[in-house]
Amino acid sequence: MAISPRKLRNDVYSYSYQNDSNTPLVISVLASLMERTLIRNQRIGRKCGSTMSKTRIFDCHETPDMTIKSYLERIFKYTKAGPSVYVVAYVYIDRFCRSQPEFRITSRNVHRLLITTIMVASKYVEDMNYRNSYFAKVGGITTKEMNSLEFDFLFLMNFKMHVNLSVFESYCCHLEREVSIGGGYYIEKTLRCAEEIKSRQIEERVTRITL
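A brief structural summary. (Residues numbered from 1 in each chain as written. Predicted model: local features only at pLDDT ≥ 70, side-chain atom pairs only at ≥ 80, totals over all residues. Heavy atoms only, no water.)

### Quick notes on the packing of aromatic side chains
Each aromatic ring pair is characterised by the separation of its centres together with the angle its planes make.
Now for step 1: Tallied over the entire structure, the rule returns nine aromatic pairs.
Now for step 2: Ring centres of Phe96 and Phe103 lie 5.0 Å apart, and the angle between their planes is 75°; this geometry places the pair in the edge-to-face category. Both residues of the pair, Phe96 and Phe103, count as buried.
Now for step 3: Members of the aromatic cluster, each reached through a chain of ring pairs, are Phe58, Phe96, Phe103 and Phe153. (Phe/Tyr/Trp six-rings, centres within 6.5 Å; stacked < 30°, edge-to-face > 60°. Buried < 20%, exposed > 50% of the residue type's maximum accessible area, 1.4 Å probe, protein only.)

### Remarks on the pattern of salt bridges
Now for step 1: Taken as a whole and assessed by the stated rule, the structure comprises five salt bridges.
Now for step 2: Across the pair Arg56 and Asp59 runs a salt bridge whose closest N-O atoms are separated by 3.6 Å.
Now for step 3: What makes Arg56 partly exposed here is its relative accessible area of 44%.
Now for step 4: Taking the relative accessible area as the measure of exposure, Asp59 reaches 10% and is therefore buried.
Now for step 5: With a shortest N-O distance of 2.5 Å, Glu73 and Lys69 are connected by a salt bridge. You can see Glu73 and its partner Lys69 sitting in helix H3 (residues 68-79), four residues apart, about one turn around the helix.
Now for step 6: The class for Glu73 is partly exposed, based on a relative accessible area of 28%.
Now for step 7: Take Lys69: its relative accessible area is 34%, and that puts it in the partly exposed class. (Salt bridge = Lys/Arg side-chain N within 4 Å of Asp/Glu carboxyl O. Helix = DSSP H or I, 4+ residues; strand = E, 2+ residues; numbered from the N terminus.)

Below, the structure written as C-alpha cells:
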C-alpha cells in the first residue's frame, strides 16, 4: 500500500479528534519498523528478554496474543492520540534502547514498551490526556503496573523527554528510510514537531478568546 504525501499531510495537519476515525498512517509505519526490529534481534541470536533487572519491568509473563499493528490500532481506537505522538514515542524508544545497551526489544516486552512510550509521548504532545488508569485498561495491564512502568521509564531515561524540531525531523527521515526498504511507504519531512503543534493550538485559542 503506497502512502501519498498529500494523504499523510492531511492526516498530520487536518487531524480531528472528533471527526477523523481513520487510523493514522504512521501507525502502519511504526508497526512495520518494530516488527523488523524483532526479526533482526532474533536473527542475531540475542537473548529473548531484558538482561538487566531494572529493564525487566517491560517483560510479560506470557507473550500477548496480539500483533504489534493490532495493538497500536487498539491504542489509537481508544485514545485517539495524534500522528505526532507516535513519532515522539519512537524517539523515546530509540533513546531508551541507546541508554540501556543490554536491553533488546522482544515479543515479550514490545507491547508494554509501546503503551508506556505512547502514554508519555501523549502527555508531552497533547494538551489533554486520559488518566494512567485508562491507558492501563487500553494496554491490557493494571493501573499499578502502568504507574510503575511510567515511573521506572522516566528514571531510566533520566527524564530526557524533550524533543526539538531537528530531532523530530531526523526521526521522520529515519522512518522514511526504513519503510521505503520494506514496502512502498513514504513519509514526508513536513511532519511538525510537538512544540509547533502545541504553539499553533495555543495561538488558535488566544485568537478565539480575543474575538
